[in-house]
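# Remarks on the overall topology
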Protein chains: 2
Amino acid sequence: MGEVQLGPGFWAERQRLAGEVMVDHCRAWMTRLGWVDNFRLAAEGRPLAERHGREFSDSEVYKLLEALSWEAGRSGRPDHERAVVALSEQVAAAQEPDGYLNTRFGHQSLGLRYTNLAWGHELYCYGHLIQAAVARLRTHGDDLLVSVARRAADHVCEEFGADGRAGVCGHPEIEMALVELFRATGEERYLEQAQLFVERRGHGVLGEIQLGPAYFQDDVPVRQARVLRGHAVRALYLACGAVDVAVERGDDELLEAVAEQWRTTVAARTYLTGGMGSRHTGESFGEDFELPPDRAYSETCAGVAAVMLAWRLLLATGDARHADLAERTLYNVVATSPALDGRSFFYANPLHQRVPGMVVDPDVVNPRAEASLRSAWFDVACCPPNVARTLASLAAYVATVDDGGVQLHQLTACSVRTSLPDGRTVGLSVDTGYPWTGDVVVRVRETRGRWRMALRVPAWAEGAVLDVGGERRPVPPGYAVAEQDWRPGDQVRLELPVRARWTRPDPRIDAVRGCVAVERGPLVYCAESVGQDPSARPEAVAVDTSVLPAEHGLDTELGSAVALACSNRPARVPPAGWPYGGHTSAAGAARAPLILVPYHLWGNRGPAAMRVWLPESPGEEGPA
Amino acid sequence: MGEVQLGPGFWAERQRLAGEVMVDHCRAWMTRLGWVDNFRLAAEGRPLAERHGREFSDSEVYKLLEALSWEAGRSGRPDHERAVVALSEQVAAAQEPDGYLNTRFGHQSLGLRYTNLAWGHELYCYGHLIQAAVARLRTHGDDLLVSVARRAADHVCEEFGADGRAGVCGHPEIEMALVELFRATGEERYLEQAQLFVERRGHGVLGEIQLGPAYFQDDVPVRQARVLRGHAVRALYLACGAVDVAVERGDDELLEAVAEQWRTTVAARTYLTGGMGSRHTGESFGEDFELPPDRAYSETCAGVAAVMLAWRLLLATGDARHADLAERTLYNVVATSPALDGRSFFYANPLHQRVPGMVVDPDVVNPRAEASLRSAWFDVACCPPNVARTLASLAAYVATVDDGGVQLHQLTACSVRTSLPDGRTVGLSVDTGYPWTGDVVVRVRETRGRWRMALRVPAWAEGAVLDVGGERRPVPPGYAVAEQDWRPGDQVRLELPVRARWTRPDPRIDAVRGCVAVERGPLVYCAESVGQDPSARPEAVAVDTSVLPAEHGLDTELGSAVALACSNRPARVPPAGWPYGGHTSAAGAARAPLILVPYHLWGNRGPAAMRVWLPESPGEEGPA
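Starting from 1, residues in each chain are numbered consecutively following that chain's sequence as written. Going through the entries in the order they are written, you letter the chains from A and number the ligands from 1. Owing to the predicted nature of the model, reporting of local features is limited to residues with pLDDT of at least 70; listing and counting of side-chain atom pairs is limited to 80 or more, with chain, interface and lining totals taken over all residues. Excluding hydrogens and water, the side-chain values take into account all heavy atoms of the structure.

## Observations regarding the overall build of chain A
The helix count covers DSSP runs of H or I at least four residues long, the strand count covers runs of E at least two residues long, and both are numbered beginning at the N terminus. Counting secondary structure elements, chain A contains 14 helices and 24 strands. Its C-alpha atoms give chain A principal-axis dimensions of about 75 × 70 × 45 Å. Residue contacts follow a heavy-atom distance rule, with two residues in contact if any of their heavy atoms lie within 4.5 Å. Taking the contacts inside chain A whose residues are at least 6 apart along the sequence as the reference set, 68% of them involve residues at least 24 apart. Where accessible areas are quoted, they stem from the Shrake-Rupley method and a 1.4 Å probe; at the residue level, only the protein chains shown are allowed to cover. With the model as given, the accessible surface of chain A reaches about 21300 Å², and the carbon-plus-sulfur share is 50%. The charged-residue count follows a simple rule in which Lys and Arg add positive charge and Asp and Glu add negative charge, with His and chain termini not counted at all. In plain terms, the charge of a residue is placed at NZ if it is Lys, CZ if Arg, CG if Asp and CD if Glu. Distance from the positive charge centre (64 side chains) to the negative charge centre (81 side chains) of chain A: 3 Å.

## Here we look at the packing of helix α3 (residues 57–75) of chain A against helix α14 (residues 383–392) of chain A
The relative placement of two packed helices is expressed as an angle between their axes plus a distance between the axes. Residue and element names in this part refer to chain A. The convention used is that axes are lines fitted to C-alpha atoms, helices contributing only their stretch in contact, and that angles between N-to-C directions extend from 0 to 180 degrees. The geometry of α3 relative to α14 is characterised by a closest axis approach of 8 Å and an angle of 25 degrees between their N-to-C directions. One element, α3, and the other, α14, form an angle in the roughly parallel class. Crossing of α3 over α14 shows left-handed handedness. Residues Glu 60, Lys 63, Leu 64, Glu 66, Ala 67, Trp 70, Glu 71 and Arg 74 of α3 form the contact with α14, whose participating residues are Pro 385, Asn 386, Ala 388, Arg 389 and Ala 392. Working definition: roughly parallel below 35 degrees, roughly antiparallel above 145 degrees, roughly perpendicular at 65 to 115 degrees, and oblique for all remaining angles. In this scheme, a crossing is called left-handed if the near helix is turned counterclockwise away from the far one by less than a right angle; it is called right-handed if the turn is clockwise.

## Thoughts on the nonpolar core
Among buried residues, those of type Ala, Val, Leu, Ile, Met, Phe, Trp, Tyr and Cys that are joined through side-chain atoms within 4.5 Å constitute a nonpolar core. For the exposure calls, accessible area comes from a 1.4 Å probe over protein chains only, and a residue counts as buried if that area is under 20% of its type's maximum, exposed if over 50%, partly exposed in between. By size, the foremost hydrophobic cluster in this structure holds 184 residues, and its most contacted members are A:Leu123, A:Trp262, A:Leu309 and A:Leu496. With near-sequence residues (within four places) excluded, A:Leu309 lies in contact with A:Leu228, A:Leu236, A:Ala239, A:Cys240, A:Val243, A:Val258 and A:Trp262. By size, the runner-up hydrophobic cluster in this structure holds 183 residues, among which are B:Ala12, B:Leu65, B:Ala381 and B:Ala561.

## Brief notes about the sheet that holds strand β12 (residues 471–474) of chain A
The strands making up a sheet associate through hydrogen bonds between their backbones, and the pairing can be parallel or antiparallel. Residue and element names in this part refer to chain A. DSSP bridges decide pairing: two strands pair if at least two such bridges lie between them. Read from one edge to the other, the open sheet built from seven strands follows the order β1-β7-β8-β9-β14-β11-β12, with strand pairing classed as antiparallel. At either margin of the open sheet sits one strand with a lone partner, and together these are β1 (4–6) and β12. With direction set aside, neighbouring strand axes in the sheet form an average angle of 15 degrees. Sheet topology places strand β7 (residues 414–419) next to strand β8 (residues 425–432); six bridges connect them, and they run antiparallel. Residue pairing for β8: Ser 419 is matched across the bridge by Thr 425.

## Observations regarding the sheet that holds strand β6 (residues 405–408) of chain A
Residues and elements named next belong to chain A. Strand order in the open sheet formed by four strands is β5-β6-β10-β13, with mixed pairing between adjacent strands. The outermost strands of the open sheet, each flanked by one partner alone, are β5 (399–402) and β13 (478–485). Taking the axes of each pair of neighbouring strands and ignoring which way they run, one obtains an average angle of 20 degrees across the sheet. Summarising the sheet, β6 and strand β10 (residues 450–457) pair through four bridges and their orientation is parallel. Note that in β10 the partner of Val 406 across the bridge is Met 453.

## Here's the deal with the relation of the copies chain B and chain A
At an RMSD of 0.0 Å, chain B and chain A line up after a rotation of 180 degrees and a shift of 0.0 Å along the axis. Taken together, the rotation and translation describe the operation of a two-fold axis. It is B:Ala511 whose C-alpha, among those of chain B, lies nearest the rotation axis, at 2.1 Å. Only residues with pLDDT of at least 70 in both copies count here: their C-alpha atoms drive the least-squares fit that superposes the copies.

## Some words on the interface of chain B and chain A
Contact residues are listed per partner, giving 55 residues for chain B and 55 residues for chain A. Computed with a 1.4 Å rolling probe, the buried area is the accessible surface lost when two parts are put together, summed over both parts. In total, about 4300 Å² of surface goes out of reach between chain B and chain A, with carbon and sulfur atoms giving 54% of it. Put simply, a salt bridge is a Lys or Arg side-chain nitrogen that is within 4 Å of an Asp or Glu carboxyl oxygen. At the surface where chain B touches chain A, the tally comes to six salt bridges. Here B:Asp510 and A:Arg611 are joined by a salt bridge, their closest N and O atoms 2.6 Å apart. In protein, a polar contact means a hydrogen-donor-capable atom and an acceptor-capable atom, both N or O and within 3.5 Å, with residues adjacent in sequence counting only if both atoms are side-chain atoms; elsewhere, any N or O pair within 3.5 Å suffices. Seen at the junction of chain B and chain A, the total is 16 residue pairs in polar contact (both at pLDDT 80 or more). Going through the elements one at a time, α11 (252–268) and α13 (320–334) of chain B are the ones with two or more residues in the side of chain B that touches chain A. Tallying contributions element by element places α11(B) first for the side of chain B that touches chain A, with three residues.

## Points about the side chain of A:Glu96
Residues and elements named next belong to chain A. Considering the arrangement of structural elements, one finds Glu 96 in the loop between α4 (78–93) and α5 (117–120). By relative accessible area, which is 15% here, Glu 96 ends up buried. The residues contacting Glu 96, other than those within four sequence positions of it, are Gly 106, His 107, Arg 113 and Arg 151.

## Considerations on the environment of A:Pro47
Residues and elements named next belong to chain A. Tracing the sequence through the fold places Pro 47 in the loop between α2 (37–43) and α3. Between the alpha carbons of Pro 47 and Gln 108 there is a distance of 7.7 Å; along the sequence they are 61 residues apart. With residues up to four places along the chain from it excluded, the contact list for Pro 47 reads Ser 109 and Leu 110.

## Re the packing of aromatic side chains
Ring pairs shown here join Phe, Tyr and Trp side chains whose ring centres sit within 6.5 Å, with only the six-membered ring taken for Trp; geometry is labelled stacked below 30 degrees between planes, edge-to-face above 60, and tilted in between. Tallying each qualifying case throughout the model produces 44 aromatic pairs over all chains. Considering the side-chain rings of A:Tyr297 and A:Tyr347, the 6.2 Å spacing of their centres and the 65 degrees angle between planes classify their relative orientation as edge-to-face. Within this pair, whereas A:Tyr297 is found in the loop between α11 (252–268) and α12 (300–317), its partner A:Tyr347 is found in the loop between α13 (320–334) and β2 (352–353), the two being separated by 50 residues in sequence. Across this residue pair, the class does not change: A:Tyr297 and A:Tyr347 are buried. Consider the rings of B:Phe346 and B:Trp602, whose centres lie 5.1 Å apart with planes at 20 degrees: the pair is stacked. One end of the pair, B:Phe346, is in the loop between α13 and β2 (352–353); the other, B:Trp602, is in the loop between β22 (594–598) and β23 (610–611), with 256 residues separating them in the sequence. On the accessibility criterion, B:Phe346 (3% relative accessible area) is buried. Its relative accessible area of 1% is what places B:Trp602 among the buried residues. An aromatic cluster of at least three residues, connected via ring pairs, comprises A:Phe10, A:Trp11, A:Tyr331, A:Tyr434 and A:Trp436. Over the face of the ring belonging to A:Phe10 we find A:Arg14, whose NZ or CZ atom lies 3.8 Å from the ring centre. Positioned above the aromatic ring of B:Phe105, the side-chain terminus of B:Arg104 is 4.5 Å from the ring centre. For a ring to carry a charge above it, either NZ of a lysine or CZ of an arginine must fall within 6 Å of the ring centroid while also lying within 35 degrees of the normal to the ring plane.

## With respect to the confidence of the model for chain A
Residue and element names in this part refer to chain A. Counting all residues, the mean pLDDT for chain A is 94, and 97% of those residues have values of 70 or more. How sure the predictor is of each residue is captured by pLDDT, a score from 0 to 100. Confidence over residues 620–624 falls short of pLDDT 50; this stretch has nine contacts with residues more than four positions distant or in other chains. As a predicted assembly, this complex carries a pTM of 0.95 together with an ipTM value of 0.92.

## Section: the pattern of salt bridges
Residues and elements named next belong to chain B. Inspection of the entire model under this criterion finds 112 salt bridges over all chains. One salt bridge connects Arg 223 with Glu 253, and the closest N-O pair in it is separated by 2.6 Å. Placement of Arg 223 in the loop between α9 (188–200) and α10 (232–249) and of Glu 253 in helix α11 is noted, with a sequence separation of 30 residues between them. With a relative accessible area of 25%, Arg 223 lands in the partly exposed category. In this structure Glu 253 comes out as exposed when scored by relative accessible area, which is 52%. In this structure, the salt-bridge partner of Arg 226 is Asp 288, at a minimum N-O distance of 3.3 Å.

## Quick word on the environment of A:Gly286
Looking at the element boundaries, A:Gly286 is found in the loop between α11 and α12. Those residues in contact with A:Gly286, other than ones at most four positions away along the chain, are A:Arg269, A:Ser278 and A:Arg279.

## Overview of helix α3 (residues 57–75) of chain B
All names here are of chain B. An ideal rise of 1.5 Å per residue puts 27 Å on 19 residues; α3 measures up with 27 Å between its terminal C-alpha atoms. Counting buried residues in α3 gives 16 out of 19 residues, a clear majority hidden from the surface. Positive backbone phi, approximately 70 degrees, marks Gly 76, located one or two places after α3. Expected helix span is given by 1.5 Å per residue-to-residue step, counting one fewer step than there are residues.

## Some words on the pairing of strand β8 (residues 425–432) of chain B
Residue and element names in this part refer to chain B. For β8, a buried count of six out of eight residues is recorded, marking the element as mostly surrounded by other parts of the structure. Between strand β7 (residues 414–419) and β8, which pair antiparallel one after the other, the connecting turn spans five residues, and Gly 423 there sits at a positive phi close to 100 degrees. Inspection of the sheet shows β8 paired to strand β9 (residues 439–446) by six bridges, in the antiparallel sense. Across the sheet, residue Val 430 finds its bridge partner in β9, namely Val 442. From the end of β8 to the start of β9, which pair antiparallel, there are six residues.

Printed below as a string of C-alpha cells:
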C-alpha cells in the first residue's frame, strides 16, 4: 500500500471522495441506525428487542473500519485515525472472554451461538473484522482492533477446527480473511482453518433451503465445481478464499478448479460491464448466457468481489486477461455505484432501465435493493462500505514486482516507489489522461541497472504502440515489455487507441440479440433519457452502425469526460393492441443524434430511462 | 353449467382428467400434509405448533371443494358427492359461532383475528370458500357448505362493512366471490361489501412492505390505475372483482377503467402464450415490454385468473378479442400446467428453459415454484386445485345467449341445450377436431323460428369461411353470424385456416428481438431438446423462415396432436472466452429439421431444454 500513490485523475478523484465523503456518510448512517451502538448493547447484555439492523450489521461496521484504516494509513488524516480507535473500542467492549464477538447471537436473551450457521452470518462478520484488522496491520501495525480480531480468529480455530464443529458459514468471507491474517501475522493455524472451511463446503453441510443449496455453494465441493453459481457475492468470496488457500498451499488442483470456474463464468455468465449476477431471486448467477440487461442484478458487492478474485488470479497466473476484467469491473461496476457526490449508491447495476425511477429521499433508508436511482442508504447496506474500502485500497491493485522487474496492471496516474527482490529501489511516475485518452507515460525516477518494465495492453487495444526512448513498436494485447539498463529520466510511452467501438454479443445471449453496445477504451457507454434531443428517445430507437459515433467533451463534478453521439432512427413499432405478429410501421427518418455517456455516469442527472444495448437498425430493407 | 356439455376432444379429455385424477390427487396430498386435518385441530382449539401448511392452506381445500362440486354436478359421480359432504363437515366444524372461519388465526394460541390483513389471507380464504359454495348452489342447491359460506360472508359484512374495520385483504379474491354469492342468492349486502373492498384498496391501507404497495395493488385505486401491476394473480383477481361490481352496479367508469388496464396489459405485459407475470420477484408483472421468455414467471394461477377476467370482459362488452385471449390462455397456460397423466403440474410457465431440469420425485413436495419439470405438489399449492376447478367448470366458458340468439365463444365439441330469453328452447351440437383441424360443424337439434347464431372467428383466422346450408361466404375475425328460420337438422360449418404461421414480436420486447415463434391455430409451439435429431440442438439454432414448417402427426396419451418440422442451421457462435465483440464463425449447413411440438405438451418426455422463440437465421450474408 505504501509503495503506490494514485496521481491526479479518474481514480484519485474517487479515492478522494471515499476518504472525504463516503466513510463519514457510512459512519453517520450506521450511527444513526444504531448499528454501532449494537456493540454497547451486546456488551451490556441488553435484550434482542433493543438491537437494531439486520443480523449481519456488524459486518458493515467492520467494512467501515477497514475503509477508515486504509484511509488513515494513506492520508494520515487524524480524524480517520481517531475514528478507527473509537470504533475499535466500541467493538472490543462486546467481545466475550473466549473471543466470541457478535451483537446478534451468543448472549443471554439473544440466541445461542452458532445455532444458525446458514443464515446467522457470525463467521461472515468475523471475516470482515479480520479484514479490517489486516488493513490496520498493513498500514499501522498491532493495535486494539488487531488484538480483537486475532482473539476472534483464535476462537474460530478452537471452535471450528479439525476437532470442532464441522460447519461453515452460509456466507463465505472468513476464508480469505483468515488467509490474509495468516499472511499478515505468519500464524499458520489461520491458513489451516481457512482450508478446512473451503474443503467442508459443498457437501450439503448447511442443509436444504428454498433457494436450493447452490445458493450458498453447498451443492458441489469447490474443487469439483464447473462454474460459479448461486448467490454471486457468496460464490465470488468463496472463490477468493479458495485461491488464497490454493496459492499458500501450492495446491494446483484447487487453483485450476477455481480458474476454470472463472473462465466459464467470464465466458457465459458475465455482463459487458463485468457485472455478475443475472437474477434478483437469490441475488444469483443465472444459467449460461442468461444475461438479461433489464433485470440484471449485477450487485455492486459482486463487482467488488469479482475485482478481488480477478486480482488473485492475476497474481497466481500472470495472465493479463484477469487484469483486463478487473479494469472492466472497476470502471463499469465499482465506479458506477456511487453518485458523483459520494452520498448515494447503486446496489444493483442493471444495463437497461425501462422507466425513470422515483426520486429517492436522501434522508430515508431504501428497503429495496433495486431502486432505479441511487439511494443514500439501504436496509441491507453491504455496498456503500464495500465501495469505500475498495476505493481506499485501490493503490494495491495497480502494480506488482517480480524477479524480472515491475508490472503495471492498471493504467492510472500514480507514483511507484518499490524494491526489486534483489534490493534495488525503483521509482516511477505514471502520467495519463486514461481512460479518456490513450497515452500512458511512465517516467523512471529512481533506478539502477537492468530490469523489465511491463505495461498491460488491454485486449481491446489492437494497434497499440510502445515508445521506449523514441523507439516505437506495435504491441499486441497482453503485457508490453521494455527491458534495458534504466536511468533516471528515461521515459516509456504506451499509446492505446482509445476510440469508440461497436460491440456485438454472442448470439446465445438471447436477451440482447440484434443489439450493439458502444465501448470506448475500458468504458461501456449507455443512452440515458435525460440530456437527449426530444426526437431521440432511447426507449424505441435503432442505431445506425455504419458510422462511428462522434465524440465530444462532457463536464462532470469529478472532471471532464467524453460523450458520444450516434446516428439513429425510430424503431419500427407495430400498432398497439397485441404485441405479436403485427405489421410494423416503416422506419422513420434519421433523427437528432442519440447521446451516449459512460455507463458509470448514468443516473446522476435525475430520474432517467437508460440502456447499454442499442437495437441495431436493420435498414430500410431489413425485416419488418 | 347444465346447459353445455363438452363433447369428445381436447377439452373433454382434460376435463375427464380433472374429474378422474386431479381432484383425487389434490385431496390425497392435502390429506397427507394435514391441510384437511387443520380444520379438526382448529375446532378442537389445538395450538399453532400442531398446524400444518402455509397460512393460506384453507383456500386450497376450498378450491378442491369447488372442483369437486363442479365435478359432482357434471358427472353425478357419487364419490365426488360424498367427498363434498365429508369435506364440508370437516370445514363446518371449525367455524366459530359468529361465522369466523380460519385454521391459522382467531383461536386461542393461534393469534388474533384480522391482525395481519396484509399477509394473513383470512379474507382470501373466505373468497375461495364462497366460490366453492357458489359452485354448490349452481349444481346442487343449498346445503351445509352453502350455509357455512353464507355465515362466513355475513360475518365479513358485519366485520368489514361501512361501519366496521376499514381494511382489505392483502390478496384480493373475496371481491368476486361476494358478487358471485350475490348473484346466486340475491343478497344485496354481499355486493355492497364487494364494492367496499374494491373502493378501499389503493390508498395505502395495507401499509408499506419491502416489495412496495404495488405488489398488492394498494398503490393506486382501481378506478385510477392505468395498467395491471404487482403480483399478477392478485392484480387479476382484483380486476375480476372490480368488473363484477361495475357490471352489477352499472358503473361504466369502473368497467372502462379495468378494460383500459386490460388493454394496456395485453398490449405490453402479456406473453405470446397469454401468460402474465414477467418476474419471479414478487410473482409480478414487469414494466411494459419486459417479457423475458427464460425468466417468465407466467404462473398457472395467473393464467386461470386471466381467463376469468377475459370472460368477464367478454360478457360485459361482447368484444371477441376477449374470447380470443381466453382461448389463447386456456390452450397455452392452463392446459400446459398439468402433465398428461394429471398427476404433476407446472407452477411457472416460462417460454424458454435453457438447461434440462432435474427429475422431481413424485412423492416429494417441491419447495420451489420454478422447477423446470412438473411437480406432484408444492409447498405453495395454489395451482393444482386451480387448474382442477377451471377444467371442471370449463363448460361455462363456451357459449352465451342474448336477446338475438346464441353465441359460441370457444370452438370446442359440445352439446348445448338452452333457452332464448323469450322462452324458446335451442338445442345444438358442435363437432370439431379443433384445435388440430379447422372445421367446426354446428348442427341444430332443437329449435323454433328465427334467431342469430354467432361463431367466434379468431383474430389469426384470416380467410375463414362460413358455410350455412351450402352457402359459403368469407368471414373476418370477430363473430360470424348466421341468422335464419332454423329447423332441426340445419347445419353451419365454420372453416378456419389452421396451419403453421410465423409470429414476430414487437421490437420493444427486447428479450426476443430477432426471433420468431410458430403458432398454429390457437396453439403456440416450442422446440424441446428431447425427440430431436442430434444435429438439431434448440439451444443454438437459427431457423429458416423462408419455408413454412412441415406438419406431421404426433400421438400423445391424451389423443393425437400435430408436430411441425422447421428448416434450420446452427447459430453463429464466437469462440469461447469473452462473449462480447468476438467474431462469429460462419453459419454451418442446414441440418435435420427442428421438431416443434405444441407448447402445452412440453416437459412430458423427461427433462428437456425448451424454447418458444427461435432465433431467425440472418442468412449467409447477414450480420456476423
